[in-house]
Amino acid sequence: MNLFERIKNSISADVHELLDQKEDKNPLSLLNQYLRQCEIEVNKAHKLVERQQLLKDQFLREMEEAESRAAKRAHQAEIAQQANEQELYQFAVQEKEQHALRAAHLKESTLQAEKDLVELEQKYEQMKHKLKDMQIKRMELMGRENVARAHQKMDRVIDPSQSMKKSAFRFDELEHYMDRLEQKVNADYHASSMEAKLAKLEKDWKKEESSTTV
């Protein structure tokens, strides 16, 4: 059961207890906890984007180095051939081919890393926008709940016989509002799939980092 389901159930199943005994407890605390978790995930995503940038730069440096060495060996092979140094010529040609193959492979890896980086940066920006939208929704919800609580307290003084009915109605409003917020989040945020993609990227990055270190 996701967090918004728990919020909804807490509100709908415990209305009377909230009214009678738990006025000091705020369902917004659950939403605040969820937003804190989202902020943590956004920060993790930011670090992974930075790592992908470093990885792409490393691929690029390795590719340029391999291309440079291939060009150097090609030049040396030319000189050895002109000097009729067949052994040196064969060595230089073999080295040039190895560096050229490595450079071609690294070029593909660099292009893929650049493509992945662009996708991650776009997803990261989406995560930031969705988090900001939810933070704004929290502010709106805080305002609505504050008004509901204020009316509840005022109504108990003005008309005690009607206070329970009006308060229950406003908590129903809050439940419907949370339903709409849940639908928006579930439709746009895709947190679980994003987390899975980022976890895979982090796993691949650690594997690549380990092989690079060796």
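The shown structure was predicted, so the numbers you read here are calculated from the model rather than taken from an experiment.

### What to know about the confidence of the model for the protein
Do not read the predicted coordinates in detail wherever pLDDT is low.
Turning to step 1, where the next piece is worked out: Overall, the predicted model of the protein reaches an average pLDDT of 78, with 67% of residues at or above 70.
Turning to step 2, where the next piece is worked out: Under a pLDDT of 50 for its full length, residues 18–24 has, in the predicted model, 18 contacts with residues more than four places off or in other chains.

### A closer look at the nonpolar core
Turning to step 1, where the next piece is worked out: In terms of nonpolar packing, the biggest core is built from 17 residues, with Leu31, Leu35, Val42, Val49, Tyr124 and Leu131 touching the most fellow members.
Turning to step 2, where the next piece is worked out: Among the elements of the structure, helix H3 (28–82) and helix H4 (86–158) are those that each provide at least two residues to this core.
Turning to step 3, where the next piece is worked out: Among the elements that take part in this core, H3 stands out by supplying nine residues, more than any other.
Turning to step 4, where the next piece is worked out: The contact partners of Leu35, leaving out residues within four places of it in the chain, are Leu131, Met134, Gln135 and Arg138.
Turning to step 5, where the next piece is worked out: Membership of the second largest hydrophobic core comes to eight residues, among which are Phe59, Met63, Ala103 and Ala113.

### Side note on a nonpolar patch on the surface
Turning to step 1, where the next piece is worked out: Judged by side-chain polarity, Met154, Val157 and Ile158 come together as a nonpolar surface patch covering roughly 360 Å² of accessible area.
Turning to step 2, where the next piece is worked out: Note that Ile158 resides in helix H4.
Turning to step 3, where the next piece is worked out: With a relative accessible area of 67%, Ile158 lands in the exposed category.

### So, the packing of H3 against H4
Turning to step 1, where the next piece is worked out: Direction vectors running N to C along H3 and H4 enclose 165°, while the axes themselves pass 6 Å from each other. It follows from the interaxial angle that H3 and H4 lie roughly antiparallel. Crossing of H3 over H4 shows left-handed handedness.
Turning to step 2, where the next piece is worked out: Considered class by class, the residues forming the contact of H3 with H4 number 33 nonpolar, ten polar and 17 charged.

### Here's the deal with the environment of His75
Turning to step 1, where the next piece is worked out: Locating His75 in the fold gives a position in helix H3.
Turning to step 2, where the next piece is worked out: Overall, the relative accessible area of 48% leaves His75 in the partly exposed class.

### Some remarks on the pattern of salt bridges
Turning to step 1, where the next piece is worked out: Summed over the entire model, instances satisfying the criterion amount to six salt bridges.
Turning to step 2, where the next piece is worked out: Note that Glu41 and Lys44 form a salt bridge whose closest N and O atoms lie 3.7 Å from each other. Of this pair, Glu41 and Lys44 both sit in helix H3, three residues apart, which is roughly one turn of the helix.
Turning to step 3, where the next piece is worked out: With a relative accessible area of 27%, Glu41 lands in the partly exposed category.
Turning to step 4, where the next piece is worked out: Residue Lys44 is classed as partly exposed on the basis of its relative accessible area of 46%.
Turning to step 5, where the next piece is worked out: Close ionic contact of Glu125 with Lys128 constitutes a salt bridge, the shortest N to O distance being 3.2 Å. Placement of the pair is Glu125 and Lys128 together in helix H4, with a separation of three residues, close to one helical turn.
Turning to step 6, where the next piece is worked out: Judged by its relative accessible area of 33%, Lys128 is partly exposed.

Calculation rules
- Residue numbers here run from 1 along each chain, matching the order of that chain's written sequence.
- The predicted origin of the model limits local features to residues at a pLDDT of at least 70 and limits the giving and counting of side-chain atom pairs to 80 or more, whereas totals for whole chains, interfaces and linings rest on all residues.
- Only heavy atoms go into the side-chain values, all of them from the structure, while hydrogens and water stay out.
- The predictor attaches a confidence to each residue, and that confidence, scored 0 to 100, is pLDDT.
- In what follows, a contact means two residues having at least one pair of non-hydrogen atoms within 4.5 Å.
- Residues belong to a common nonpolar core when they are buried Ala, Val, Leu, Ile, Met, Phe, Trp, Tyr or Cys residues joined through side-chain atoms within 4.5 Å.
- Residue exposure (1.4 Å probe, protein chains only): buried if accessible area is under 20% of the type maximum, exposed if over 50%, otherwise partly exposed.
- Here a strand is any run of E in DSSP of at least two residues, a helix any run of H or I of at least four, and the numbering for each starts at the N terminus.
- Residues enter patches when they are more than 30% accessible in relative terms and free of salt bridges; like-charged ones are connected within 9 Å and nonpolar ones (Val, Leu, Ile, Met, Phe, Trp, Tyr) within 5 Å.
- Under the convention used here, a 1.4 Å probe and the Shrake-Rupley method define accessible areas, while residue burial counts only the protein chains that appear.
- Every case where a carboxyl oxygen of Asp or Glu lies within 4 Å of a side-chain nitrogen of Lys or Arg is listed as a salt bridge.
- Note on geometry: axes are lines fitted to C-alpha atoms, helical ones only across the stretch in contact, with angles between N-to-C directions running from 0 to 180 degrees.
- Note that the term roughly parallel is reserved for angles under 35 degrees, roughly antiparallel for angles over 145, roughly perpendicular for angles of 65 to 115, and oblique for everything else.
- Less than a right angle of anticlockwise turn of the near helix away from the far helix marks a crossing as left-handed, whereas a clockwise turn marks it as right-handed.
- Under the grouping applied here, Gly and all other residues not named as nonpolar or charged are polar, the nonpolar ones being Ala, Val, Leu, Ile, Met, Phe, Trp, Tyr, Cys and Pro and the charged ones Asp, Glu, Lys and Arg.

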